[in-house]
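Remarks on the overall topology
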Amino acid sequence: MTSDLGTRPAAAATPDEALKIVPARHPLTWVAAAVVAVLVAMAGHALVTNKAFDWPTFAKFVFQKSILEAVALTLELTLFGVVAGFLLGTVLALMRVSRNPLLRAVSWTYTWIFRSVPLILQLLFWYNLAILYNELSFGIPFGPSFVSVGTMSLIPPFLAAGLGLALHQGAYAAEIVRAGFLSVDAGQREAAAALGIPAGRQFRRIVLPQALRTIVPTAANEIVGLLKATSQVYVMALPELFYQVQVIYTRSGRVIPLLLVATAWYLALTSVLSVVQYYVERRLGRGA
């Protein structure tokens, strides 16, 4: 017995002309863009037409020798604070992840104190260290001293400012570096130890390259912050950028254009740091 199985006719394909694609419209987005464009145009017009900005005076002082020397001092203080601060922060981070409770306690206490006290107070303490200690002695702890040096001659204002910035930065760098170390999976270190890889090589070749991917973005923000924080050493009468600008506008009375000079230099320096950060992150991110 046979049966005749019929086939159903295929559904007719819908022609493209019958499909009407309507793009989503966002009128509020265009309204917001128009408002922003108007505000930007107004700000640019004000910068150009407002005589209080005094652009000729800005052009006169922006590359003046004293300003360039102040920029150089700002960079020196930033470099000193970054290098010393992150070296100290790395040591503190290693202490914080140590199994020794005393090392962990010391690292935590240091971070707590130096993150709690404002930077300007720390700078003033270092600047007035000679009031606390007229001289610094070197010898046996709690015993006789062999060499004594006057505090003022041993710690000049530049070194006092650099130490204040470095010790302050070290507390923040410790948390940044510790976060980087903790971001690396512990199983990788355990696998490396099982393969007999020495601890030093584990750190250099396995932990550090991966930790840097976490450390660099936050560390770059801290470096930019430290560059701007150098303006606080004006309390120590060091001729960095902000202090030098203050001296000039106090004598000349040209407050706004001199403040614009400082603003332009800080913008330029932070922009360079941002470009360096971009290329460092791209290099560390290879293969990720």
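Residues numbered from 1 in each chain as written. Predicted model: local features only at pLDDT ≥ 70, side-chain atom pairs only at ≥ 80, totals over all residues. Heavy atoms only, no water.

The name an unreviewed UniProt entry gives the protein chain is Amino acid ABC transporter permease, with Amycolatopsis vancoresmycina DSM 44592 as the organism. According to the UniProt record, the Subcellular location (unreviewed entry) comment for the protein chain is "Cell membrane". (UniProt positions renumbered as here; feature names shortened; annotations may be inferred.)

The helix and strand inventory of the protein chain stands at 12 helices and 2 strands. Secondary structure of the protein chain in N-to-C order comes out as α-α-α-α-α-α-β-β-α-α-α-α-α-α. Residues classed as buried in the protein chain amount to 29% of the 288 residues present. Within the protein chain, counting contacts between residues at least 6 apart in sequence, those at least 24 apart form 72% of the total. (Helix = DSSP H or I, 4+ residues; strand = E, 2+ residues; numbered from the N terminus. Buried < 20%, exposed > 50% of the residue type's maximum accessible area, 1.4 Å probe, protein only. Contact = heavy atoms within 4.5 Å.)

Core analysis: the largest hydrophobic core is formed by 26 residues, its most contacted members being Leu 77, Ala 161, Leu 165, Phe 181, Ile 215, Val 233 and Met 236. The greatest single-element share of this core, amounting to 7 residues, is contributed by helix H8 (residues 157–182). Of all hydrophobic cores here, the second largest spans 18 residues; its members include Val 62, Val 71, Ile 248 and Leu 258. (Core = buried A, V, L, I, M, F, W, Y, C linked by side-chain atoms within 4.5 Å.)

Structurally, Phe 181 can be placed in helix H8. A C-alpha to C-alpha distance of 8.5 Å links Phe 181 and Ala 93, two positions 88 residues apart in sequence. Leave out the neighbours within four places in its chain, and Phe 181 touches Ala 93, Leu 94, Arg 189, Phe 203, Val 207 and Ala 211.

Another point: the UniProt feature "transmembrane region" (unreviewed entry) in the protein chain. When the UniProt feature table is mapped to this numbering, "transmembrane region" (unreviewed entry) covers residues 28–47, 67–95, 107–127, 147–168 and 258–280. Helix and strand shares over residues 28–47 are 100% and 0% respectively, and the end C-alpha atoms of the span are 29 Å apart. Across residues 258–280 one finds 100% helix and 0% strand; the C-alpha atoms that close the span lie 33 Å apart.

So, about the packing of helix H3 (residues 65–96) against helix H10 (residues 199–229). Two elements in contact, H3 and H10, have axes whose closest approach is 9 Å; the angle formed by their N-to-C orientations is 140 degrees. By the angle between their axes, H3 is oblique relative to H10. For the crossing formed where H3 meets H10, the hand is right-handed. Across the interface between the two elements, Thr 74, Thr 78, Gly 81, Val 82 and Phe 86 of H3 pack against Ala 219, Ile 223, Leu 226 and Leu 227 of H10. Looking at the contact of H3 with H10 residue by residue, the classes come out as 6 nonpolar, 3 polar and no charged. (Axes fitted to C-alpha atoms, helices over the stretch in contact; angles between N-to-C directions. Parallel < 35°, antiparallel > 145°, perpendicular 65-115°, else oblique. Left-handed = near helix turned anticlockwise from the far one by under 90°. Nonpolar A, V, L, I, M, F, W, Y, C, P; charged D, E, K, R; others polar.)

With that settled, the discussion passes to helix H4 (residues 101–116). With 16 residues, H4 should reach 22 Å at 1.5 Å per residue; the first-to-last C-alpha distance of 22 Å fits that figure. Among the residues of H4, those classed as buried are Ser 107, Tyr 110, Thr 111 and Phe 114. Across the axial projection of H4, the buried residues extend over an arc of 95 degrees, all falling on one side. Exposed positions of H4 whose direction lies more than 90 degrees from the buried face are Pro 101, Leu 102 and Trp 112. (Expected span 1.5 Å × (residues − 1). Arc of directions from axis to C-beta.)

Two quantities define a packed helix pair, namely the angle between the helix axes and the distance between the axes. As a packed pair, H8 and H10 sit with axes 8 Å apart at the nearest point and diverge in direction by 145 degrees. Here H8 runs over H10; the crossing is right-handed. In this structure, H8 contributes Leu 165, Gln 169, Tyr 172, Ile 176, Val 177, Ala 179, Gly 180 and Phe 181 to the contact, and H10 contributes Phe 203, Val 207, Ala 211, Thr 214, Ile 215, Thr 218, Ala 219, Glu 222, Leu 226 and Ala 229. Looking at the contact of H8 with H10, its residues break down into 13 nonpolar, 4 polar and 1 charged.

Here the focus is the pattern of salt bridges. Following the criterion strictly, the structure yields 3 salt bridges and no others. As a salt-bridge pair, Glu 175 and Arg 96 come within 3.0 Å of each other at their nearest N and O atoms. Of this pair, Glu 175 sits in helix H8 while Arg 96 sits in helix H3, and the two are 79 residues apart along the sequence. Residue class for Arg 96 comes out partly exposed when judged on its relative accessible area of 21%. As a salt-bridge pair, Arg 178 and Glu 175 come within 2.9 Å of each other at their nearest N and O atoms. In this pair, Arg 178 and Glu 175 are both assigned in helix H8, 3 residues apart and thus about one turn of the helix distant. It is possible to trace a salt-bridge network through shared partners that takes in Arg 96, Glu 175 and Arg 178. (Salt bridge = Lys/Arg side-chain N within 4 Å of Asp/Glu carboxyl O.)

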